[in-house]
Amino acid sequence: MSRTHDLGGLPAGRIDRTEHELTFFDKRVDALYVLLTGPARAAFTVDEVRRTIEGLPEAEYLGLSYYERWLKAIALLLVEKGLVDASRLDIPDAT
Amino acid sequence: MRPDARPRFRPGQKVRIVRSDSVGHCRTPRYVRGAPGQVVSLIGRFRNPEDLAYGGTGEPLSPLYWVEVRLAELWGDPQESDDSLRVEVYEHWLAEDADAP
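Here the structure is a predicted model, which is why all the values come from computation and not from measurement.

1. Some thoughts on the overall build of chain B
Scanning chain B from N- to C-terminus turns up two helices and five strands. When the helices and strands of chain B are listed from N to C terminus, the series reads β-β-α-β-α-β-β. C-alpha atoms of chain B, sized along the principal axes, occupy 50 × 25 × 20 Å. Taking all 101 residues of chain B together, the buried fraction comes to 39%.

Okay, here's the thing in structure tokens:
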């Protein structure tokens, strides 16, 4: 497992402190996450989302935005849990 | 339900953070693995995140400790200061430090 997220102690350059507003995409992904992890659905947990994000290959982890990573993890978990057939989702690989 | 196990470590005890590769979700960052430290306190008992990450119950609850690690142990310290950091480590990632004086 690449553990790309496990940056502690590694040289990583300056932290980009640029503020930015959440985009509509960001908010939709967050809403999807809340609905799927909420008690009505309980499709998966935040722990499983973390594990899935952490398991993304390094190029994807670094190439996707924060909420893009969440969306990819949500899609992968829906398939993993058998809730959605993989053929019905277009889950592109990051290049 | 099983009663909670007694915590293995006590405040002030010298410990060593286990050096091991992990598979799957793990809360022990790589940079502290293998480092000697000292238990500051028991934070509490929590469901094991390594199990929760795969849809498990995370039970039995696992003791979580604050462990103080000297920066010099992690990265060397040319100024030979006594600076340290504190990191939260689950019990199964700690061992008694056999080398401690």
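2. Quick look at the interface of chain B and chain A
Contact with chain B, which involves 15 residues of that partner, is made by 13 residues of chain A. Between chain B and chain A, the buried area comes to about 1,100 Å², and carbon and sulfur atoms account for 46% of it. It is His25(B), Arg30(B) and Ala53(B) in chain B that bury the most area against chain A; as a group they hold 40% of the surface buried on that side. The tally of links between chain B and chain A comes to one salt bridge. A salt bridge links Arg30(B) to Asp6(A); its shortest N-O distance comes to 3.6 Å.

3. Examining the confidence of the model for chain B
Looking at chain B, the pLDDT average stands at 91 and 93% of residues meet or exceed 70. Across the assembled chains, the prediction reports ipTM 0.84 with pTM 0.86.

4. Some details on a nonpolar patch on the surface
Taken together, the side chains of Phe25(A), Leu32(A) and Leu71(A) present a nonpolar region at the surface, about 210 Å² in accessible area. One can find Leu32(A) in helix α1 (residues 24-37).

5. What about the packing of α1(A) against helix α4 (residues 66-80) of chain A?
All names here are of chain A. Two elements in contact, α1 and α4, have axes whose closest approach is 9 Å; the angle formed by their N-to-C orientations is 35°. For α1 against α4, the interelement crossing comes out left-handed. Between α1 and α4, the residues in contact are Phe25, Asp26, Val29, Asp30, Leu32, Tyr33 and Leu36 and Tyr67, Glu68, Trp70, Leu71, Ile74 and Leu78, respectively. When grouped by side-chain class, the residues that make up the contact of α1 with α4 number ten nonpolar, no polar and three charged.

6. Observations concerning the packing of aromatic side chains
One pass over the full model with this rule turns up five aromatic pairs over all chains. Ring centres 4.6 Å apart and planes at 80° place the aromatic pair Tyr33(A) and Trp70(A) in the edge-to-face group. Residue Tyr33(A) is found in helix α1, and its partner Trp70(A) is found in helix α4; the two are separated by 37 residues along the sequence. Trp70(A) shares its class with Tyr33(A); the two are buried. Here the aromatic rings of Phe9(B) and Tyr65(B) are separated by 5.7 Å at their centres, their planes lie at 80°, and the arrangement is edge-to-face. With Phe9(B) in the segment before β1 (14-17) and Tyr65(B) in strand β3 (residues 62-70), this pair connects stretches of sequence that are 56 residues apart. Summarising the burial analysis for this pair, Phe9(B) and Tyr65(B) share the class buried. In this structure, Arg69(A) packs its charged tip against the face of Tyr61(A), placed 4.3 Å from the ring centre.

7. Comments concerning the packing of helix α2 (residues 46-54) of chain A against α4(A)
Residue and element names in this part refer to chain A. The interhelical angle for the contact between α2 and α4, taken along N-to-C directions, is 110°, at an axis separation of 9 Å. Considering the angle they form, α2 stands roughly perpendicular to α4. Contacts between α2 and α4 involve Glu48, Val49, Arg51, Thr52 and Ile53 on the former and, on the latter, Arg69, Trp70, Ala73, Leu76, Leu77 and Glu80. The residue makeup of the contact of α2 with α4, split by class, is six nonpolar, one polar and four charged.

Criteria and cut-off values
Residues numbered from 1 in each chain as written. Chains lettered and ligands numbered in written order. Predicted model: local features only at pLDDT ≥ 70, side-chain atom pairs only at ≥ 80, totals over all residues. Heavy atoms only, no water. Helix = DSSP H or I, 4+ residues; strand = E, 2+ residues; numbered from the N terminus. Buried < 20%, exposed > 50% of the residue type's maximum accessible area, 1.4 Å probe, protein only. Contact = heavy atoms within 4.5 Å. Buried area = accessible area lost by both parts, 1.4 Å probe. Salt bridge = Lys/Arg side-chain N within 4 Å of Asp/Glu carboxyl O. pLDDT = per-residue confidence, 0-100. Patch = residues over 30% accessible without salt bridge, like charges linked within 9 Å, V, L, I, M, F, W, Y side chains within 5 Å. Areas by Shrake-Rupley, 256 points an atom, 1.4 Å probe, with all protein chains shown as cover. Axes fitted to C-alpha atoms, helices over the stretch in contact; angles between N-to-C directions. Left-handed = near helix turned anticlockwise from the far one by under 90°. Nonpolar A, V, L, I, M, F, W, Y, C, P; charged D, E, K, R; others polar. Phe/Tyr/Trp six-rings, centres within 6.5 Å; stacked < 30°, edge-to-face > 60°. Lys NZ or Arg CZ within 6 Å of the ring centre and 35° of its normal. Parallel < 35°, antiparallel > 145°, perpendicular 65-115°, else oblique.

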